[in-house]
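Summary of structural features
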Amino acid sequence: MSKSLDDLLVEYFHPEKLKAAFKAYEEAKTDFFESTINVPMGADGISYETFARELDCRCRFISNRVLKGTYQFYPFRQIDKPKPSGGERVLSIATIRDVLVQKVLYDALYNKVEKKFQATPKLDKVSCAYRKRKSAPYAATLIHRHVQQGFIFALDADIVKFFDRISHLRLIALIEENFGRNTLATNLLRRFVKTGGLSYKDELGKPRPKSFFHEEKPNRQVVLRTQGIPQGGVLSGMLANFYLHEFDCWVVHELSSRYNLRYVRYADDFVLLLKESSAISLVHEEVTQRLQDMELELHSEPKTKYVTYSKKSSRICWFPIHA
C-alpha cells in the first residue's frame, strides 16, 4: 500500500533531511574559484554564517513546525532585476529556512506532480521549464524537429506578467483538488502562495541597508499577497507549470483536434507551430480566449508575434500580427 502524502512529508521533513538540503544548497551557492559561499540573506536578517552555526537547532525547529502544521513562511525580500528584453522583473529572496522548506517540499511533491505532466507522451514533451531532464535547449530541439517536419508557421506567444497575475482562487483550488483540502502539503503550499514581499527600497526609493533587516520585523498581514506567486524559487516553477497544465491539456487534446499543430512551452513563453499560415490567426484567437478564461492575458506585438521558420537555416522571419 502506497504511503499518504502526509506520511511522505514526515519522512522528508526529518531534521537530518533538512540538514542535507542545507548542505546541497550551500554547495550550489559556493564559488570554488573564489572560495566564497554566496547564500543571500532573507528579510528576517539571518545570515548564512548564523544559520550554519545554528544548523542543528534550526532544522529541528523547521521539522517541528512543519509536522505540527504551524510553519509560516517569512515575507520575501524583493529585488528588481532588469530583463534582457527590457523592463524589470521582481525576484523574491526567501529566508534560508524557507528555501530549505521549499526545496524539501518540492522533492516530496515532484513525482506526484510529474505523473500529471507525463500523463501522455505528447504532454510530457510540452512543458520544458522547471522539470528534471527538461531545459531551454531541449525546447529548442523540439521546435527544430517540428520545423523539419514542415511546421514552419508559428504563433510565438508570451503571457503578460504571468507570475504576478496567477489567480490565487484558481491555483489554491487546483492544489486542494490534487493534494487534499487540509493536508500538510496543501497548508504549506497555500501559505507559500499567500506570502508577500518586502521591497529592498524604502518609501523614498532608497535601498534599505542590511541593518534594516536585522532590526525590523515586517508585519505579515500588511504584505499579504492577493494574486501571483513569487519568482525565484523551485516551488514557484512547479506551481507555474501546475497552473498552466490545464492550458497544456486543452492545446494537446482539444485545439490539436481542430488544427494540425505542434506545441512547446517554456514557463510562460510558448510556440504553436502549424503547416498552414492561414490558420495562425484562428489559433491566436482561440488561445487568447482560453487564457482569458484562466484570468491570463497574451502580450501584444512584438512580444507575441507570427513567425515563419526556415527549414534550411536557423533564420527566423516574422510578419506583423495584423498584416
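Our structure's up above, just so we're on the same page.
Remember, predicted model here, so these are calculated numbers, not experimental data. (Residues numbered from 1 in each chain as written. Predicted model: local features only at pLDDT ≥ 70, side-chain atom pairs only at ≥ 80, totals over all residues. Heavy atoms only, no water.)

This part covers empty space enclosed by the protein. Using the criterion set out here, one finds two cavities of 30 Å³ or more in the structure. By volume, the largest cavity is sized at about 40 Å³. Together, Tyr 106, Tyr 110, Val 113, Glu 114, Phe 117, Tyr 130, Arg 131, Met 238 and Asn 241 line the largest cavity. Of all the secondary structure elements, the ones that give two or more residues to the lining of the largest cavity are α5 (96–117) and α12 (234–258). It is α5 that contributes the most residues to the lining of the largest cavity, five residues altogether. Taken together, the residues of the lining of the largest cavity sort by class into six nonpolar, one polar and two charged. In this model, the second largest cavity occupies a volume close to 30 Å³. Every residue along the wall of the second largest cavity is listed here: Val 66, Gly 69, Thr 70, Tyr 71, Leu 184, Asn 187, Leu 188 and Arg 191. Per element, the largest residue contribution to the lining of the second largest cavity is four residues, and it comes from helix α10 (residues 184–194). In terms of residue class, the lining of the second largest cavity is made up of four nonpolar, three polar and one charged. (1 Å grid on protein atoms, 1.4 Å probe; cavity = no way out; pocket = protein on both sides within 12 Å on 5 of 7 lines; lining within 4 Å. Points joined across faces, edges and corners; volume = space filled by probe spheres on them. Helix = DSSP H or I, 4+ residues; strand = E, 2+ residues; numbered from the N terminus. Nonpolar A, V, L, I, M, F, W, Y, C, P; charged D, E, K, R; others polar.)

For residues other than glycine, phi is negative in most cases, and the peptide bonds are mostly trans. Here the bond from Glu 301 into Pro 302 is cis, since omega is 10°, no more than 30 degrees from zero. Note that Pro 302 resides in the loop between α13 (280–293) and β9 (305–309). In the Ramachandran plot, Arg 133 falls in the positive-phi region, its phi being about 65° despite a non-glycine side chain. By the secondary structure assignment, Arg 133 is in the loop between α6 (121–124) and α7 (136–148). One non-glycine residue with positive phi stands out, namely Glu 295, at about 65°. For Glu 295, the location among the structural elements is in the loop between α13 and β9.

On to the nonpolar core, then. Within the largest apolar cluster, 91 residues are counted, with the highest numbers of intra-cluster contacts made by Phe 247, Phe 270 and Val 287. Beyond its immediate stretch of four places on either side in the chain, Val 287 contacts Phe 247, Trp 250, Leu 255, Phe 270, Leu 272 and Leu 298. (Core = buried A, V, L, I, M, F, W, Y, C linked by side-chain atoms within 4.5 Å. Buried < 20%, exposed > 50% of the residue type's maximum accessible area, 1.4 Å probe, protein only. Contact = heavy atoms within 4.5 Å.)

Let's shift gears to the packing of helix α1 (residues 5–12) against α10. Running from amino to carboxyl end, α1 crosses α10 at an angle of 70°, the nearest separation of the two axes being 8 Å. It follows that α1 is roughly perpendicular to α10 by the angle criterion. From α1, Leu 5, Asp 6 and Leu 9 reach across to α10, where they touch Leu 184, Ala 185 and Leu 188. Taken together, the residues that form the contact of α1 with α10 break down as five nonpolar, no polar and one charged. (Axes fitted to C-alpha atoms, helices over the stretch in contact; angles between N-to-C directions. Parallel < 35°, antiparallel > 145°, perpendicular 65-115°, else oblique.)

Right, let's talk about the sheet that holds strand β3 (residues 76–82) for a bit. Spatially, β4-β3-β6 is the arrangement adopted by the three strands of the open sheet, whose pairing is mixed. Either end of the sheet is taken by a strand with one partner, and the two such strands are β4 (88–93) and β6 (197–199). In this sheet, neighbouring strand axes are inclined to one another by 40° on average, regardless of whether the strands run parallel or antiparallel. Here β3 runs beside β6; their pairing, made up of three bridges, is parallel. (Pairing = 2+ DSSP bridges.)

Relative to the assigned elements, Glu 114 resides in helix α5. In this structure the side chain of Glu 114 is engaged in a polar contact, spanning 2.7 Å, whose partner is the side chain of Gln 118. A distance of 2.8 Å separates polar atoms of two side chains, one belonging to Glu 114 and the other to Arg 131. (Polar contact = N/O pair within 3.5 Å; in protein donor to acceptor, adjacent residues only side chain to side chain.)

Moving on to the packing of aromatic side chains. Scanning all chains against the criterion turns up 14 aromatic pairs. Ring geometry for Phe 76 against Phe 192: centres 6.0 Å apart, planes inclined by 80°, an arrangement best described as edge-to-face. Note that Phe 76 is positioned in strand β3 and Phe 192 in helix α10, a separation of 116 residues in sequence. Within the aromatic cluster, the residues linked to one another by ring pairs are Tyr 71, Phe 73, Phe 76 and Phe 192. (Phe/Tyr/Trp six-rings, centres within 6.5 Å; stacked < 30°, edge-to-face > 60°.)

By themselves these figures say nothing about function.
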